Amino acid sequence: MSELVAQQTCTTLDQLKAGAVGRILQVEGSDGVATRLREMGFIPGMVVRSIRSAPLGDPLSFLVLGSRVALRGGEARRIRIVPER
Amino acid sequence: MTETKVLSPSPSRVFRIALIGNPNTGKSTVFNALAGMQVKTANYPGVTIEKKTGRYRYGEQVIELLDLPGTYSLAPRAPDELVTVDVLTGVTSIEEPIDGILCVVNATLLHRNLFLLSQLLELGKPVILLVNMIDSAEARGISIDAERLSAQLGIPVVLAAAAKKRGIEEVRRAIQAILSTPPSRHAALPLPPRFYQVREQLSSRLAAISQQTPEAKTKTKKNFSREGADSPNYYLLGRAILDGAGLAENKIANSWGPSAVPLLHEAREQLTGELGSLIDLECNSRYSWAATMLQGVIQQSAEGDESRTEWLDRFLTHRVFGFLFFLLLMFAIFQTIYSLAQYPMGACEEGQQWLSSLLEQWLSPGILRSLLIDGVVAGVGSVLIFVPQIALLFFFIAILEDCGYMARAAFLVDRVMGFFGLSGKSFLPLMSSFACAVPGVMATRVIENARDRLTTILVAPLMSCSARLPVYLLMIGAFIPATTYAGGFLTLRGLVLMAAYLVGISVAVPVAWLLKKTFLRGETAPFVLEMPDYQWPSVPVLFQRVYQSCQAFIVRAGTLIFSASVLIWAAGYFPGDHSEQFRLMEEIERSEGNRSRAEVAGLESRLNAESGRLLEASFLGQGGHFIEPIVRPLGWDWRIGVGAIASFPAREVIISTLATIYSLGGQIDEDNQSLVDAMRASKWPDGRPVFTVPVALSIIVFFALCAQCVSTLLVIKRETNSWGWPLFSFGYMTALAYLGALIVYQCGTRLPI
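Conventions used here
- Residues numbered from 1 in each chain as written.
- Chains lettered and ligands numbered in written order.
- Predicted model: local features only at pLDDT ≥ 70, side-chain atom pairs only at ≥ 80, totals over all residues.
- Heavy atoms only, no water.
- Helix = DSSP H or I, 4+ residues; strand = E, 2+ residues; numbered from the N terminus.
- Rg over C-alpha atoms; globule rule 2.2 N^0.38 Å.
- Buried < 20%, exposed > 50% of the residue type's maximum accessible area, 1.4 Å probe, protein only.
- Contact = heavy atoms within 4.5 Å.
- Areas by Shrake-Rupley, 256 points an atom, 1.4 Å probe, with all protein chains shown as cover.
- Buried area = accessible area lost by both parts, 1.4 Å probe.
- Salt bridge = Lys/Arg side-chain N within 4 Å of Asp/Glu carboxyl O.
- Polar contact = N/O pair within 3.5 Å; in protein donor to acceptor, adjacent residues only side chain to side chain.
- Nonpolar A, V, L, I, M, F, W, Y, C, P; charged D, E, K, R; others polar.
- Pairing = 2+ DSSP bridges.
- Core = buried A, V, L, I, M, F, W, Y, C linked by side-chain atoms within 4.5 Å.
- Patch = residues over 30% accessible without salt bridge, like charges linked within 9 Å, V, L, I, M, F, W, Y side chains within 5 Å.
- Phe/Tyr/Trp six-rings, centres within 6.5 Å; stacked < 30°, edge-to-face > 60°.
- Lys NZ or Arg CZ within 6 Å of the ring centre and 35° of its normal.
- Axes fitted to C-alpha atoms, helices over the stretch in contact; angles between N-to-C directions.
- Parallel < 35°, antiparallel > 145°, perpendicular 65-115°, else oblique.
- Left-handed = near helix turned anticlockwise from the far one by under 90°.

**Student:** Residue-level account of the overall build of chain A, with values.
**Tutor:** In terms of helices and strands, chain A carries three helices and six strands. Along its sequence from the N terminus, chain A presents helices and strands in the succession α-β-β-α-β-β-β-α-β. Scaling as 2.2 N^0.38, a compact globule of 85 residues should have a C-alpha radius of gyration of about 12 Å, and chain A matches this with 12 Å. For the C-alpha atoms alone, the extent of chain A along its principal axes is close to 40 × 25 × 20 Å. Taking all 85 residues of chain A together, the buried fraction comes to 56%. A separation threshold of at least 6 residues defines the contact pool for chain A, and within that pool the share at least 24 residues apart is 60%.

**Student:** Now, about the overall build of chain B: what can you tell me, with residues and values included?
**Tutor:** Scanning chain B from N- to C-terminus turns up 32 helices and twelve strands. Sorting the 753 residues of chain B into buried and exposed places 53% on the buried side. Considering only intrachain contacts with a sequence separation of at least 6, the fraction spanning at least 24 residues in chain B is 74%. Of the roughly 32,900 Å² that chain B leaves accessible, carbon and sulfur atoms contribute 61%.

**Student:** Pulling in residues and values, what's your account of the side chain of Ser729(B)?
**Tutor:** Relative to the elements of secondary structure, Ser729(B) occurs in helix 32 (residues 724-750). In contact with Ser729(B), not counting residues within four places along its chain, are Leu458(B), Ala707(B), Leu713(B) and Ile716(B).

**Student:** Please provide a residue-by-residue account of the environment of Leu658(B), values included.
**Tutor:** Residue and element names in this part refer to chain B. For Leu658, the location among the structural elements is in helix 28 (residues 653-661). Note on Leu658: relative accessible area 1%, which makes it buried. Measuring from C-alpha to C-alpha, the distance between Leu658 and Arg57 comes to 59 Å, with 601 residues separating the pair along the chain.

**Student:** With reference to specific residues and values, describe the interface of chain B and chain A.
**Tutor:** Contacts between chain B and chain A engage 39 residues on the former and 34 residues on the latter. Summing the contributions of chain B and of chain A, the shared interface buries around 3,400 Å²; its carbon and sulfur component is 58%. When residues of chain B are sorted by the area they lose upon contact with chain A, Arg77(B), Phe411(B) and Val528(B) head the list and together hold 18% of the total. Across the contact surface, chain B and chain A share five salt bridges. Along the contact surface separating chain B from chain A lie eleven residue pairs in polar contact (both at pLDDT 80 or more). Elements supplying a minimum of two residues to the side of chain B that touches chain A: helix 3 (110-120), helix 12 (278-293), helix 13 (308-316), helix 17 (405-418) and strand 12 (529-531) of chain B. The greatest single-element share of the side of chain B that touches chain A, amounting to six residues, is contributed by helix 17 of chain B. When the residues that make up the side of chain B that touches chain A are grouped by side-chain class, the tally is 18 nonpolar, seven polar and 14 charged. In terms of strand pairing, strand 5 (residues 67-71) of chain A meets strand 12 of chain B through three bridges, oriented antiparallel. Its bridge partner lying in strand 12 of chain B, Val69(A) is registered against Glu530(B).

**Student:** So what's going on with the nonpolar core? Which residues, and what values?
**Tutor:** Residues and elements named next belong to chain B. Among the nonpolar cores identified, the biggest contains 96 residues, and Met475, Trp636, Phe691 and Phe702 are the most heavily contacted of them. Of the residues forming this core, the biggest block, ten residues, is contributed by helix 16 (residues 387-403). Among residues more than four places away in sequence, those in contact with Phe702 are Trp636, Ala644, Phe648, Gln708, Ala737, Tyr738 and Ala741. Ile142, Ala146, Leu263 and Leu271 belong to the second-largest nonpolar core, a separate cluster that totals 62 residues.

**Student:** Please provide a residue-by-residue account of the environment of Ser30(A), values included.
**Tutor:** The residue Ser30(A) is located in the loop between strand 2 (21-27) and helix 2 (32-39) in this model. In this structure Ser30(A) comes out as exposed when scored by relative accessible area, which is 55%.

**Student:** Outline a nonpolar patch on the surface, listing residues and values.
**Tutor:** Residue and element names in this part refer to chain B. On the surface, Tyr485, Phe489, Leu490, Leu495, Met498 and Leu502 cluster together to form a nonpolar patch covering roughly 610 Å² of accessible area. By secondary structure assignment, the location of Tyr485 is in strand 10 (residues 484-485). Looking at Tyr485, the relative accessible area reads 36%, which means it is partly exposed.

**Student:** Which residues make up helix 2 (residues 79-89) of chain B, and what values go with them?
**Tutor:** Residue and element names in this part refer to chain B. The buried fraction of helix 2 is high, at eight of eleven residues. What helix 2 keeps buried is the set Leu82, Val83, Thr84, Val85, Asp86, Val87, Leu88 and Thr89. Where helix 2 is buried, its residues meet strand 1 (15-21), strand 4 (61-67), strand 5 (100-106), helix 3, helix 9 (233-243) and helix 10 (247-256). Following helix 2 by one or two positions, Gly90 has its phi on the positive side, about 70 degrees.

**Student:** Hey, could you go over unusual backbone geometry for me, with residue numbers and the actual values?
**Tutor:** In this structure, the amide linkage connecting Asp58(A) to the following residue, Pro59(A), adopts the cis form with an omega of -5 degrees. Cis geometry marks the peptide bond from Phe574(B) to Pro575(B), where omega comes out at 0 degrees. With respect to the helices and strands, the residue Pro575(B) is situated in the loop between helix 23 (539-573) and helix 24 (579-591). The backbone of Leu65(A) sits at a positive phi, close to 50 degrees, despite the residue not being glycine. Tracing the chain through its elements places Leu65(A) in the loop between strand 4 (60-64) and strand 5. The exposure class assigned to Leu65(A) is buried, which follows from its relative accessible area of 18%.

**Student:** So what's going on with the packing of aromatic side chains? Residues and values would help.
**Tutor:** All names here are of chain B. Counting across every chain of the model gives 16 aromatic pairs over all chains. Both rings, one in Phe115 and one in Tyr287, keep their centres 5.1 Å apart while their planes meet at 35 degrees; by these two values the pair is tilted. Pair noted here: Phe115 is in helix 3 and Tyr287 is in helix 12, with a separation of 172 residues, a long-range link. Overall, Phe115 belongs to the buried group, its relative accessible area being 0%. For the pair Phe395 and Phe396, a centre-to-centre distance of 5.8 Å together with 65 degrees between the ring planes defines the contact as edge-to-face. Classification of Phe396 as buried rests on a relative accessible area of 18%. Put simply, the rings of Phe315, Phe321, Phe325 and Tyr405 pair up and form one aromatic cluster. Over the ring of Phe15 we find Arg13; its NZ or CZ atom is 4.3 Å from the centre of that ring. Across the ring face of Tyr534, the terminal group of Arg408 is positioned such that the distance to the ring centre comes to 4.1 Å.

**Student:** Give me the side chain of Glu122(B): which residues, what numbers.
**Tutor:** All names here are of chain B. Mapped onto the elements of the fold, Glu122 is located in the loop between helix 3 and strand 6 (127-132). You can call Glu122 buried: its relative accessible area is 8%. Of the polar contacts made by the side chain of Glu122, one reaches the side chain of Tyr196; its length is 2.6 Å. Look past the residues within four positions of Glu122 in its chain and what remains in contact with it is Pro190, Leu191, Phe195, Tyr196, Tyr235 and Arg286.

**Student:** Explain the pairing of strand 1 of chain B residue by residue, including any values.
**Tutor:** All names here are of chain B. Strand 1 sits mainly inside the fold: seven of its seven residues count as buried. By the alternation rule, side chains of strand 1 split into Phe15, Ile17, Leu19 and Gly21 and Arg16, Ala18 and Ile20, which are all buried. Across five bridges, strand 1 lies against strand 4 in parallel orientation. Of the residues in strand 4, the one forming a bridge with Ala18 is Leu66.

**Student:** Lay out the packing of helix 9 of chain B against helix 10 of chain B in plain terms, naming residues and giving numbers.
**Tutor:** Residues and elements named next belong to chain B. At a closest axis distance of 7 Å, the pairing of helix 9 and helix 10 adopts a crossing angle of 120 degrees. The angle between the axes of helix 9 and helix 10 places the two elements in the oblique class. Crossing handedness for the pair helix 9 and helix 10: left-handed. Only Ala248, Glu249, Lys251 and Ile252 of helix 10 make contact with helix 9, whose side of the interface consists of Leu236, Leu237, Arg239 and Ala240.

Structure representation (structure tokens):
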């Protein structure tokens, strides 16, 4: 049951609206970018808040583990999340 | 310096402590607070990272601090990152072994920062944890129980605010303590026990093969000395298992021979089979270890209201205001650099003239005087003239970086720079290259991705620097008619000047794009950029950074620029017989005040004619004649050819060179009408004028695109640590310049204007 709910609401980090909060499910891939994201704290279970986007809509900034991290849409799309609340 | 293996403090032995931490932890401030201003910088061979060392004395003991680049992780993915791992594990010939590690973390971001600490603790070296910026944490109502953290980690923990010199004495004491009594054990192992078992098995299997093959054995001893269970080299072995095919695996293969690789793969597959994805395993384990270590350590007294940083970010990274502020700030910075640098630059030029006239009084005309004035003084001057701009630009860069704005600027312009195939971090170096490519290339140090940095370095000299302006002004003033449009609002000359600036930019876009598709192709650089809390920059660190960049330029690039200037002087001086020239000079100098003006003018014009003849006969002039067939298609005669060759060291030289060739003497500037007149009057043997509008335009395009600046090329050499890239820059820019000038001239002469 809970898995079904997760599947229905699961989205990617770039879809998170400014100010909204999500919980990370998974970071896709095992290349350098994916590793760097994990090293910066984007790991399953971590709570992320979307802060805002840059003037042309990209990159996006997020709050994770108390630090503000900017990612491009392409990178944020690789992080699967469940929106909170 | 001879190092012994004895680990007891003695005044004769210098102890070495590596300083490491995440970016934005105030590591430079800690370094500065510990070592003061006594800092030495150098480059590690083959890579672009800077090696920064400093020393301080504690009682009788001398401690050497080694500053390592800020990093989030000790998993090397680029050769530059491998250097850090090599230095820490002591498996390298480029650095003496270290005795301990000082890990600097940000008190407000403890959880994230402990990720790196968990890797450092596996190295087997004594580690001290310095929790920096404790004042910022306190201001937000966060208190940290250092004793508890120390007990949980099993290593000394010091709370500090390096910018306020708080906790520095305690750090010194803690360093001394671990050096005199090295800790017997250190902290828990953050990864699952199974990982360490598999690593141990792999290690013994590798040891077995090294025993079988004597060749591998000696190799092992040399590159990979093993010192027991806590040997730091276990770390690299673990990395080779965790990282998959990469730098650590290559290093293992180099040390143990190719037969090690299948064993390594076997260990990796075994672990993956049992525990799943190894990246996930590592990162998740380290973060949950960090959470365990922090249990009961952090107390948040009150839910702090919106921090100063968030409040500022609302404005500074706003879609509209943020961007406007950014543009205004850049404009203000470059205006300031441009206007402020003029005073010291003017003083530098005046000093040069004063020294030259002093030398003219002391020495009679001759080769020594010519060498000193035209070679040495002009050479030193050409180095010093850049220093004011470098100092000012780096002063602003240091402020922007240290206060936290630089990351926001990169965030704001990243999308725009994406059109160039570059990232937001390339903006500032490219922008500063419009003033001068030398500080621009040096400013690329803010870009940590090696390929982005190299692309930026390679296109930076295409930005139209201030030294091109006199050339543009001369050509435009002499050959472009003063037509005005739109009721005098637009002038043709102004439009051509703007076009000259646009030539460089519009060529830089496809060049950057091509470079990223060919030589510098690779995985897209991740734009994972931390935006730190805003804070006041530390004044000593600011001045140290400015001082270091000026010093690096003067000492390392300056010596090369100076030598190059002297070489060009020699090419313009030899092999002619200068006795007639010197006789004329002496006569003019002796006759000052006691001959009629007409007589002196007659002597001067004879001297100018003689100087022109000597230049034509010199190696430089011979070169001009030699390349005449090559520059003919551009519409140039041999004189322009010589001017172009002579201005390869510094493009503004073309004006004085053309002036000399047109027998006017060296003192001439872009406003001097007589050079313009001489150029307008200049004819081919068949009577056609040499300079036409297409020729002037082809010269402008050539100068806009050509790498005519030894200083820039030598700074590229210094920053890339290779001769290949400056040669490449020189080659591609010269080729583009020739092609551009050719197209402009050939089209210009065919179009019916």
